[in-house]
Amino acid sequence: MSPPRTLFDKVWDRHVVVPETADTPGVLYIDLHLVHEVTSPQAFTEIEARGLKVRRPDRTFATLDHSTPTLPAGLNGLKPYVTPEAEAQVHALEANCALHGVSLAGWDSADRGVVHVMGPELGLTQPGMTVVCGDSHTATHGAFGTLAFGIGTSEVAHVLATQCLIQRRSKAMRVTVDGVLSPGVSGKDVALAVIAELGFGGGTGFVIEYAGEAVRSLDMEGRMTLCNMSIEAGARAGMIAPDEKTVAWLKGRRHVPRGEAFERAAADWLTLASDPGAVFDAEVVIDGATIRPMATFGTTPDAGAPIGAPVPQPASDSERKALAYMGFEAGRATTDQPVDVVFIGSCTNGRLPDLRAAADVLRGRKVKPGVRMLVVPGSEAVRRDAEAEGLHTVFTQAGAEWRIPGCSMCIAMNGDFVGPGQLAVSTSNRNFEGRQGKGARTILASPATAAASAVMGVLTDPRLFLEKVDA
Amino acid sequence: MPEPFRALTSKVLVLSQSNIDTDQIIPARFLTTTSREGLGRHAFHDWRYEADGTPKPEAVLNRIDPPEHRILLAGDNFGCGSSREHAPWALVDYGFRAVISTSIADIFSSNALKNGFLPVVVDQAVWDDLAAHPEQPVTLDLETQELRRGNHAPVAFTVEPFARQCLLDGVDTLGWLQNHLPAVEAYERARAKEPA
Ligand code: SF4
């Protein structure tokens, strides 16, 4: 009998090409390599300088998302790129993909989307795979029981040229969220609660497996939100064991096997759970029933608390500096400061259920005058589905802007940004100083919270609106 | 391929803040480049410059002579956040070759080591002592994996053995990986035989 293994062990073991030794790391096979325009140009340059080709273009998929404008082309037919460099970067990826025979979800593609929204949608991401991208939020794909992690541009070149990475096995941590989540508490709130518990660097060196009743209760999109933010606790990856929800979600997607091959694949996927008795290097247990809608108050994603709770006393100079930057005071709630911008979108919360949750709050209501609200679907598919349901009308009638898919204000490199000193409630994943624009102040929260805050003009617990619906 | 790295002696530049993320090291709006060259001018950009582009006189990075400070002494969890390799590219181009901290983010370390930039983790007591004497030159000896300064006893640090060998010898990691291609092909053949 082989010893009990974790989900991570099972996926890892399947992909070892050369085992690691004390002196040398192992060689790990990569099933799926996702590529975007920002972290790939120097990698293509590198392999071309060596006269190499992309070794497995059939395992490589590219999209345009970070530098792309979210407003349509003007009357002159030109896309409103923020700078000529941004446009050049997009053209560089188009040229590299054409040269190497890599599929690109480009401007004319109905598949284009933020890389971590697009991969699962197309069924490229499947349980048991190894998935990498030059992007730290690659952990998103772990919601399907894949081992998915971000890599640097030198490693992008490694994977392009060899389909492999030089790796050492990470440690494994299990985060169990037990209990039943309260109404109004979403995957984002669970993610922010977990990160607050672990601390910003608490997951460094680990791959996290999320388990427990509350995790199982999340839909696939909620699980993606949770895995997406694993890096915000410093973890390399986050994973959730596949179950019937995973299988049902994937069935019929373009790159997923069909018919009998699907049945066989699904049966295999369901074996990818941690064995009873599998040993983790660290275990954390959180009571899901105690999680409330969360919002951050500092400039790191772990500086979060239930909405309305007083800001804790800073324990270090860094925390004092963060509070000064945010303009928040210890001992007071953050719910009385006027919000300038609300952003709904990103690979964390730019999927259909996220937009539905926001629309449910906004339906029949208005964005408070003076608040700018931007809704950016995570992909063309999300945009089509949302428009088919009329969600775009809910947003525009409320006074929000409805945009073309892309990363947009999550990273503020395409011209969509929060102004200096402005306070934003954002469904993205990072509240670092200047992340959403130079001098921008970011509160991270769920889509429902963001929408409720847009209506009230201050950070607002979305259960306020739930209760009104019940009444 | 990075230049070999054996030992480095320099004063340390103290950036005591914890959680210095890669958005601080190089803000995202400078990532629309297709080259890895010349990013030093954007290193810590928003710490160094006002919105209108004028240098901030109070910023420590504007008050030092960069060639004298090749080593950063940074607060806990340095290099967290985005996986952008532009962060070590910018630091190296600016003139830094190493960072000492009490913890350093995984992807940043991995990226740094591929670019001749040494991440060194020490405990809090050593960190505090280094921070108290920023004028004292520090030697980071990769061969012996020791941090030395003045009359102090050397402090051991560890670097993953393969990454260390690559830095010492200037090994080309992509070339190393390519040498394993026969094993990769065998792996692919074996997988293809499995029922899908
Ligand atoms: S949406 Fe934000 S976090 Fe996600 S890939 Fe784009 S920039 Fe990165």
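Our structure's up above, just so we're on the same page.
Read on for a plain summary of the structure. For every chain, the first residue of the written sequence is number 1, and numbering continues from 1 along that sequence. By the order in which they are written, chains take letters starting at A while ligands take numbers starting at 1. Per-residue local features of the predicted model are confined to residues with pLDDT of at least 70, and side-chain atom pairs are confined, for both listing and counting, to 80 or more; whole-chain, interface and lining totals are unaffected and use all residues. For the side-chain quantities, the full set of heavy atoms in the structure was used; hydrogens and water were omitted.

Secondary structure elements are taken from DSSP: a helix is a run of H or I of four residues or more, a strand is a run of E of two residues or more, and numbering for both begins at the N terminus. Helices and strands together make up the secondary structure of chain B, namely 8 helices and 7 strands. Taken over the C-alpha atoms alone, chain B extends approximately 65 × 45 × 25 Å along its principal axes. Burial classes follow relative accessibility: with a 1.4 Å probe on protein chains only, a residue under 20% of its type's maximum area counts as buried, one over 50% as exposed, and anything between as partly exposed. A buried classification covers 58% of the 196 residues belonging to chain B. Residue contacts are defined here by distance: any two heavy atoms, one from each residue, within 4.5 Å place the two residues in contact. Relative to all contacts within chain B whose residues are 6 or more apart in sequence, the contacts with residues 24 or more apart total 64%. Note on areas: Shrake-Rupley with a 1.4 Å probe; residue coverage comes only from the protein chains shown. When the accessible surface of chain B is summed, it comes to about 8,100 Å², and 51% of that surface belongs to carbon and sulfur atoms.

Take helix H8 (residues 220-228) of chain A next. With 9 of 9 residues buried, H8(A) lies mostly within the body of the structure. Within the sequence span of H8(A), burial applies to Met220(A), Glu221(A), Gly222(A), Arg223(A), Met224(A), Thr225(A), Leu226(A), Cys227(A) and Asn228(A).

The next point concerns the sheet that holds strand S4 (residues 118-121) of chain B. Residue and element names in this part refer to chain B. Strand pairing is assigned whenever DSSP detects at least two bridges linking the two strands. Read from one edge to the other, the open sheet built from 7 strands follows the order S4-S3-S2-S1-S5-S6-S7, with strand pairing classed as mixed. One side of each edge strand has no neighbouring strand; the edge strands of this open sheet are S4 and strand S7 (155-156). Two strands pair when backbone bridges link them, and strand S1 (residues 7-15) and strand S2 (residues 69-74) are joined in this way by 5 bridges, in the parallel orientation. Residue pairing in the sheet places lysine 11 in a bridge with histidine 69 of S2. Packing against the sheet, helix H5 (residues 124-132) makes contact with S1, S2, strand S3 (98-101), strand S5 (138-141), strand S6 (146-148) and S7, and its axis sits at approximately 130° to S2. Axis definition: a line fit to C-alpha positions, over the contact stretch in the case of helices; interaxial angles, taken between N-to-C directions, run 0 to 180 degrees.

Right, let's talk about the site of the ligand for a bit. The environment of the ligand is formed by His66(A), Val114(A), His116(A), Asp135(A), His137(A), Ser346(A), Cys347(A), Cys407(A), Cys410(A), Ile411(A), Asn429(A) and Arg435(A). Split into classes, the residues belonging to the shell around the ligand amount to 5 nonpolar, 5 polar and 2 charged. Consider each residue's heavy atoms; a residue with any of them within 4 Å of a molecule or strand counts as near. Just so you know the grouping, Ala, Val, Leu, Ile, Met, Phe, Trp, Tyr, Cys and Pro go in nonpolar, Asp, Glu, Lys and Arg go in charged, and all remaining residues, Gly too, go in polar.

Moving on to the sheet that holds strand S2 (residues 26-29) of chain A. Pairing between the strands of a sheet is mediated by backbone hydrogen bonds and can be parallel or antiparallel. Pairing is antiparallel across the open sheet formed by 3 strands, whose spatial order is S1-S2-S8 (chain A). Each end of this open sheet is capped by a strand with a single partner; those strands are strand S1 (16-18) and strand S8 (164-167) of chain A. Strand-to-strand twist across the sheet, computed as the mean angle between neighbouring axes with direction ignored, equals 40°. Of the pairings in the sheet, the one linking S1(A) to S2(A) comprises 2 bridges and is antiparallel in character. Opposite Val16(A), over in S2(A), you have Leu28(A) as the bridge partner. Sitting on the sheet, helix H8 (residues 181-193) of chain B touches S1, S2 and S8 of chain A, and the angle it makes with S1(A) is about 145°.

As a further point, take the packing of aromatic side chains. Aromatic contacts are taken between Phe, Tyr and Trp rings whose centres are within 6.5 Å, Trp giving its six-membered ring; a plane angle under 30 degrees counts as stacked, one over 60 as edge-to-face, and the others as tilted. Using the criterion set out here, one finds 12 aromatic pairs over all chains in the structure. Judged by centre distance (5.7 Å) and plane angle (55°), the ring pair of Phe8(A) and Trp12(A) falls under tilted. You can see Phe8(A) and its partner Trp12(A) sitting in helix H1 (residues 7-14), 4 residues apart, about one turn around the helix. What makes Phe8(A) buried here is its relative accessible area of 4%. A ring pair is formed by Phe108(B) and Phe117(B), whose centres lie 6.0 Å apart and whose planes are at 85°; its orientation type is edge-to-face. When sorted by exposure, Phe108(B) lands in the same class as Phe117(B), which is buried. Taken together, the ring pairs connect Phe78(B), Phe108(B) and Phe117(B) into an aromatic cluster. Here, over-ring charges are defined by two tests on the NZ atom of lysine or the CZ atom of arginine: distance to the ring centre within 6 Å, and angle to the ring normal within 35 degrees. Its guanidinium or amino end placed over the ring of Trp107(A), Lys79(A) lies 4.8 Å from that ring's centre, counting from NZ or CZ. Taking the ring centre of Trp249(A) as reference, the NZ or CZ of Arg253(A) above it sits at 3.6 Å.

Attention now moves to the packing of helix H13 (residues 352-362) of chain A against helix H15 (residues 391-398) of chain A. Residue and element names in this part refer to chain A. Two numbers describe how H13 lies on H15: the axes approach to 10 Å, and their chain directions differ by 45°. Here H15 runs oblique to H13, going by the angle between their axes. The handedness of the crossing between H13 and H15 is left-handed. Along its contact with H13, which presents Leu352, Leu355, Arg356, Ala358, Ala359 and Leu362, the element H15 presents Leu391, Val394, Phe395 and Ala398. Residues belonging to the contact of H13 with H15 are distributed by class as follows: 9 nonpolar, no polar and 1 charged. Just so you know how the angles are binned, under 35 degrees is roughly parallel, over 145 roughly antiparallel, 65 to 115 roughly perpendicular, and the rest oblique. For any pair of crossing helices, the crossing counts as left-handed if the nearer helix is rotated counterclockwise from the farther one by less than a right angle, and right-handed if it is rotated clockwise.

Our focus in this paragraph is the interface of chain B and chain A. Residue-level contacts link 56 residues of chain B with 65 residues of chain A. Note on terms: buried area is the combined drop in 1.4 Å-probe accessible area of two parts once they are placed together, counting the loss on both. Carbon and sulfur atoms supply 57% of the area that chain B and chain A bury against each other, a total of about 4,700 Å² over both sides. Of all residues in chain B, Thr32(B), Leu174(B) and Leu177(B) give up the largest surface area on contact with chain A, accounting jointly for 13% of the area buried on that side. When a carboxyl oxygen of Asp or Glu is within 4 Å of a side-chain nitrogen of Lys or Arg, the pair counts as a salt bridge. Counting across the chain B and chain A interface gives 9 salt bridges. Residues Arg191(B) and Asp31(A) are paired through a salt bridge, measuring 2.8 Å at the closest nitrogen-oxygen approach. Nitrogen and oxygen atoms within 3.5 Å of one another constitute a polar contact, given that in protein one can donate a hydrogen and the other can accept it, and given that sequence-neighbouring residues count only through two side-chain atoms. If you look at where chain B meets chain A, you find 25 residue pairs in polar contact (both at pLDDT 80 or more). Counting residues per element, the side of chain B that touches chain A draws most heavily on H8(B), which supplies 7 residues. Within the side of chain B that touches chain A, the residues separate by chemical class into 19 nonpolar, 22 polar and 15 charged.

A few words now on the pairing of strand S16 (residues 372-375) of chain A. All names here are of chain A. Inspection of the sheet shows strand S15 (residues 341-344) paired to S16 by 4 bridges, in the parallel sense. Paired with valine 342 across the strands is methionine 373, a residue of S16. Pairing between S16 and strand S17 (residues 401-402): 2 bridges, direction parallel. For valine 375, the partnering residue across the bridge sits in S17 and is tryptophan 402.

This part covers unusual backbone geometry. In this model, Ser408(A) sits at a positive phi of 55°, which is unusual for a non-glycine residue. Mapped onto the secondary structure, Ser408(A) falls in the loop between S17 and strand S18 (423-426). Residue Ser408(A) is classed as buried on the basis of its relative accessible area, which comes to 0%. Of note in the backbone geometry, Gln145(B) takes a positive phi value of approximately 55° without being a glycine. Structurally, Gln145(B) is set in the loop between S5 and S6. In this structure Gln145(B) comes out as buried when scored by relative accessible area, which is 19%.

Everything listed is a geometric property; what it means functionally is a separate question.
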